[in-house]
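# Inside the fold
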Amino acid sequence: ASSQVQLQDSAANVEYIIQVSDNTYFLNRTNNATPLFQSAQGSDKAIASSFLRKLEKVANWHQTLTLSNPETSIRDAEISIELLQLKEARKDHEMDNDVPLASVDWRANPAVFSYFQKDLKPAFQLKLNNTGPRALWVSILYLGSDFSITNQLLPKALLDAGQEIWVQEIVRGQSFRTIPLQIEGKQLSQGITSVDEYMKVIISTEELNTDFYHQAGVAAGTETGATRVFGRTEMPEEKDWATKTIWFRIVIKTS
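Residues numbered from 1 in each chain as written. Predicted model: local features only at pLDDT ≥ 70, side-chain atom pairs only at ≥ 80, totals over all residues. Heavy atoms only, no water.

This next bit is on the overall build of the chain. Along its length, the chain carries two helices and 15 strands. Here the C-alpha radius of gyration of the chain, 19 Å, is about what a compact globule of 255 residues would show, namely 18 Å. For the chain, the spread of C-alpha atoms along the principal axes amounts to about 60 × 50 × 35 Å. Looking at the chain as a whole, 41% of its 255 residues are labelled buried. As displayed, the chain offers around 13700 Å² of accessible surface, 46% of which is attributable to carbon and sulfur atoms. When the 25 basic and 31 acidic side-chain charges of the chain are each reduced to a single mean position, those positions are 3 Å apart. (Helix = DSSP H or I, 4+ residues; strand = E, 2+ residues; numbered from the N terminus. Rg over C-alpha atoms; globule rule 2.2 N^0.38 Å. Buried < 20%, exposed > 50% of the residue type's maximum accessible area, 1.4 Å probe, protein only. Areas by Shrake-Rupley, 256 points an atom, 1.4 Å probe, with all protein chains shown as cover. Lys, Arg positive; Asp, Glu negative; His and termini not counted. Charge placed at Lys NZ, Arg CZ, Asp CG, Glu CD.)

In structure tokens, the structure reads:
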């Protein structure tokens, strides 16, 4: 039994399919035959339970990505989101806060970040500005292509009217607002040259806690790390909240 996963007999109107062949099974999207994480082999209960836990992480990730509140009173004009892209891929140690940047229309999905060499990475900066008349709480969830979820770039912040904040990465006690992107080495070894990742911006009229969304990824077959409590997929009803989704496409070019 699972509160997150429901199996269907028909592939109509579903996004994910379990493929089974020669006692091996894996998950893929209906429009892409590439396995979404390491395949499972065997039919004993322990293997099936492990596979189900990974399915639940995928379901949880998908629910987080589609999280929205159509009845919110928070207007688009109350929050400004500015996405900036590094003009030229660089090495990690060359990415300070004053790198040359270009503005990107994050609403024109997806925002494409491409590069040629794995040691030269693309990067972004993101700024949130409260352009409305009331104070708002903000948080950002980063949804990785390995189905990981983290709020480390912006756990939560209170923005008064007119106040702004930059998304930041903390490394060894230092803050960096230039955030590099890359395709992981294991993905490259599997022939993956393009991945989609997302940032879910959550805006609320009251203080919010997005720590419970954390979960480790599953693309490499891992199951360790913090996982949020299943079933808590909505904000408390007493809060007025809204979401914005920023879609990244990270591409490594081979020629």
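Here the narrative resumes.
Moving on, we get to the nonpolar core. In terms of nonpolar packing, the biggest core is built from 33 residues, with Leu83, Phe124, Leu126, Leu128, Met199, Ile246 and Phe248 touching the most fellow members. Breaking this core down by element, the ones donating at least two residues are β4 (79-86), β6 (111-115), β7 (123-130), β8 (136-143), β9 (149-159), β14 (194-204) and β15 (241-252). The element that contributes the greatest number of residues to this core is β15, accounting for five residues. Contact partners of Phe248, with chain neighbours within four places excluded, come to Leu83, Ala111, Phe113, Phe124, Tyr142, Leu181, Val195, Asp196, Glu197 and Met199. Listed in part, the 23 residues of the second largest apolar core include Ala40, Trp61, Leu65 and Trp137. (Core = buried A, V, L, I, M, F, W, Y, C linked by side-chain atoms within 4.5 Å. Contact = heavy atoms within 4.5 Å.)

Once that is clear, we can look at helix α1 (residues 45-65). With 21 residues, α1 should reach 30 Å at 1.5 Å per residue; the first-to-last C-alpha distance of 30 Å fits that figure. Taken as a whole, α1 has its buried residues at Ser50, Phe51, Lys54, Leu55, Glu56, Lys57, Val58, Ala59, Asn60, Trp61, Thr64 and Leu65. Where α1 begins, one side-chain oxygen reaches toward the backbone nitrogen of Ala46, 3.1 Å away; that side chain belongs to Asp44. (Expected span 1.5 Å × (residues − 1). Polar contact = N/O pair within 3.5 Å; in protein donor to acceptor, adjacent residues only side chain to side chain.)

Read from one edge to the other, the open sheet built from three strands follows the order β1-β2-β3, with strand pairing classed as antiparallel. The open sheet has two edge strands, β1 (16-21) and β3 (40-41), and neither has a second partner. With two bridges joining them, strand β2 (residues 24-29) and β3 adopt antiparallel strand pairing. Paired with Tyr25 across the bridge in β3 is Ala40. Against the sheet, α1 contacts β1, β2 and β3, and its axis sits at roughly 5° relative to β2. (Pairing = 2+ DSSP bridges. Axes fitted to C-alpha atoms, helices over the stretch in contact; angles between N-to-C directions.)

Okay, the pattern of salt bridges next. Pairs can form between side chains of opposite charge whenever their charged atoms are close. One pass over the structure, following the stated rule, counts nine salt bridges. Arg249 serves as the salt-bridge partner of Asp196, at 2.8 Å between the closest nitrogen and oxygen. Here Arg249 lies in strand β15 and Asp196 lies in strand β14, a separation of 53 residues in the sequence. Residue classification places Asp196 among the partly exposed positions, given a relative accessible area of 23%. (Salt bridge = Lys/Arg side-chain N within 4 Å of Asp/Glu carboxyl O.)

In this structure, Pro110 follows Asn109 across a cis peptide bond, with omega equal to -10°. Notably, Asn13 is not glycine yet its phi reads approximately 65°, a positive angle. On the basis of relative accessible area, Asn13 is assigned to the exposed category, the value being 82%.

Side chains of Leu7, Ile18 and Val20 sit close together on the surface and give an oily, nonpolar patch of about 300 Å² of accessible area. Relative to the helices and strands, Val20 is located in strand β1. A relative accessible area of 60% means that Val20 is categorised as exposed. (Patch = residues over 30% accessible without salt bridge, like charges linked within 9 Å, V, L, I, M, F, W, Y side chains within 5 Å.)

This brings us to the packing of aromatic side chains. In total, this model carries nine aromatic pairs according to the counting rule given. Ring plane angle 55° and centroid distance 5.6 Å describe the contact between Phe37 and Phe51, whose orientation is recorded as tilted. Taken together, the positions of Phe37 in the loop between β2 and β3 and Phe51 in helix α1 put the pair 14 residues apart, joining distant regions of the chain. When its relative accessible area of 5% is taken as the criterion, Phe51 is described as buried. Where Phe212 meets Tyr213, the ring centres are 4.7 Å apart and the plane angle is 25°; that geometry is what we call stacked. Of the residues examined, Phe212 reaches a relative accessible area of 16% and is grouped as buried. Relative accessible area serves as the criterion here: at 1%, Tyr213 is assigned to the buried category. Taken together, Trp61, Phe147, Tyr198 and Trp247 form an aromatic cluster joined through their ring pairs. (Phe/Tyr/Trp six-rings, centres within 6.5 Å; stacked < 30°, edge-to-face > 60°.)

That's the geometry; what it means functionally is another story.
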